[in-house]
Amino acid sequence: MVNRSFLSRGGATGIGDALPMNIGGRAARALLRSRNLTEYRALVPFPEDVEKVIDKEMVEVGVDGLVLVNYLLAKGLTYPITDILGTTKLETWARGRTGRAQRGMLPHPIARGENKRSDMTPGTIPLYFTWSDFNINIRELSLGRRAGLPVDTTPMNDSFRAVNESIEEDFINGLGFNIEGATAYGLLTHPDINLYQLTGGDAWSAAGHTGDEIVRDILAMKAVLQEMEFNGPNYPLVVDNETSLKFDEDYSTVKGEGTIRDRIKKIAGIDDILVSKRLPADTVVMFQATKDVIRAVDGQRPTSITWDDQPGFWSNYLVMASLIPQIRSNYDGECGIVVGTPSGTL
């Protein structure tokens, strides 16, 4: 099971119950002093051979399942949090347009011009963790060392993938509940997103739906954004797997040259087609890839933490991350995201 929460306090259920609060000594003091997960990880390791296996599995899983999130990270659409253990919320602001610039031979030295400071609306995002954990007992580890048997890495892989998939889910569908009175919205759940009805009331993956109809929908969705002055330059598409398969069909059944995907990529600004398993069927999303529309609040990339219980019979393993979606709109409630569905609703 994947969990999401702040660190636990005062006995409340949360990630703190999984962290080794009884380790004591140098490791505990270092964690409290530095609030640094990397230092913590170094001070409470598994045996070296097991650590190597864990790190190898972490590299192999990598960003598996993080399709939308990996796009945002690669484009630099992030907001870094340097002290994620010491910061529990992010204050956000929706910004309005500035006043108009003035024209003249020279700025008047006395006359007061229009105040150019934007109107701002406040908001809050919880800086929560996503984690998955399991444990290995000393007999399994000892048997592996003595008999030369490898450590079973299936739980490690499952934990990494579970955390990645949950993070991607949040970026698509939002956190879905409140943590200390605040939540995080996804592409489909922010109240200011724009809804668009697909041509003919059909899904793009429907049999008989043509490449020309898909292209006309994309141009119309792009026009919705540009009408609100979200002028790109990049507009990635997010689609489900069935729609992605549709894109590999011939754009023209007459010519038989080039796929629908080839035609879409020729549209100015469509810089990528992201296929996310977390997106509901028959739903497509276009967004302007800029920080004033969407960014990943980057507190901690997926990382592993290990420690032994006090008697040493069990070795505990935890994968945790803090990558949180921030969907943004301006002071006028305009958002650079368009969601297309057959009904035009969600």
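One can find the structure itself at the top, above this paragraph.
Computed from a predicted structure; not experimentally measured. (Residues numbered from 1 in each chain as written. Predicted model: local features only at pLDDT ≥ 70, side-chain atom pairs only at ≥ 80, totals over all residues. Heavy atoms only, no water.)

1. So, the sheet that holds strand β12 (residues 337-341)
The condition is simple: When DSSP locates at least two bridges between a pair of strands, those strands are taken to pair. Runs of H or I in DSSP of at least four residues are treated as helices and runs of E of at least two as strands, each being numbered from the N terminus. Each axis is a line fitted through C-alpha atoms, taken for helices only over the stretch in contact, and angles between the N-to-C directions span 0 to 180 degrees. Residues count as neighbours in contact if any of their non-hydrogen atoms are within 4.5 Å of one another.
The strand order across the open sheet built from five strands is β6-β12-β9-β7-β8, with neighbouring strands paired in mixed fashion. A strand with exactly one partner marks an edge of an open sheet, and here the two such strands are β6 (194-197) and β8 (273-275). Going from strand to strand, the sheet's axes swing by 25° on average, the running direction of each strand aside. Pairing of strand β7 (residues 237-239) with β8, which is carried by three bridges, proceeds in the parallel orientation. Looking at the pairing, Val239 lines up with Val275 of β8. Strands β8 and β9 (284-287) of the sheet are contacted by helix α4 (residues 67-74), whose axis makes an angle of about 140° with β8.

2. Side note on the packing of aromatic side chains
To be explicit about the condition: Pairing of aromatic rings covers Phe, Tyr and Trp, the last counted by its six-membered ring, and requires centre-to-centre distances within 6.5 Å; plane angles under 30 degrees mean stacked, over 60 mean edge-to-face, and any other angle means tilted. The buried label goes to any residue with under 20% of its type's maximum accessible area, the exposed label to any with over 50%, and the partly exposed label to all in between, with areas taken from a 1.4 Å probe on protein chains only.
Enumeration according to the criterion identifies four aromatic pairs in this entry. Between the aromatic rings of Tyr71 and Phe287, the centroid separation amounts to 6.2 Å while the plane-to-plane angle is 85°, which identifies the pairing as edge-to-face. In this pair, Tyr71 sits in helix α4 while Phe287 sits in strand β9, placing the two residues 216 residues apart along the sequence. Phe287 shares its class with Tyr71; the two are buried. Among the aromatic residues, those joined into a ring-pair cluster are Phe134, Phe160 and Tyr317.

3. Comments concerning the environment of Ile214
Its place among the elements puts Ile214 in helix α7 (residues 211-227). The class for Ile214 is buried, based on a relative accessible area of 0%. In this structure the C-alpha to C-alpha distance between Ile214 and Ile260, which are 46 residues apart in sequence, comes to 8.3 Å. Dropping the residues within four chain positions of it, Ile214 is found in contact with Trp204, His209, Lys246, Phe247, Ile260 and Ile264.

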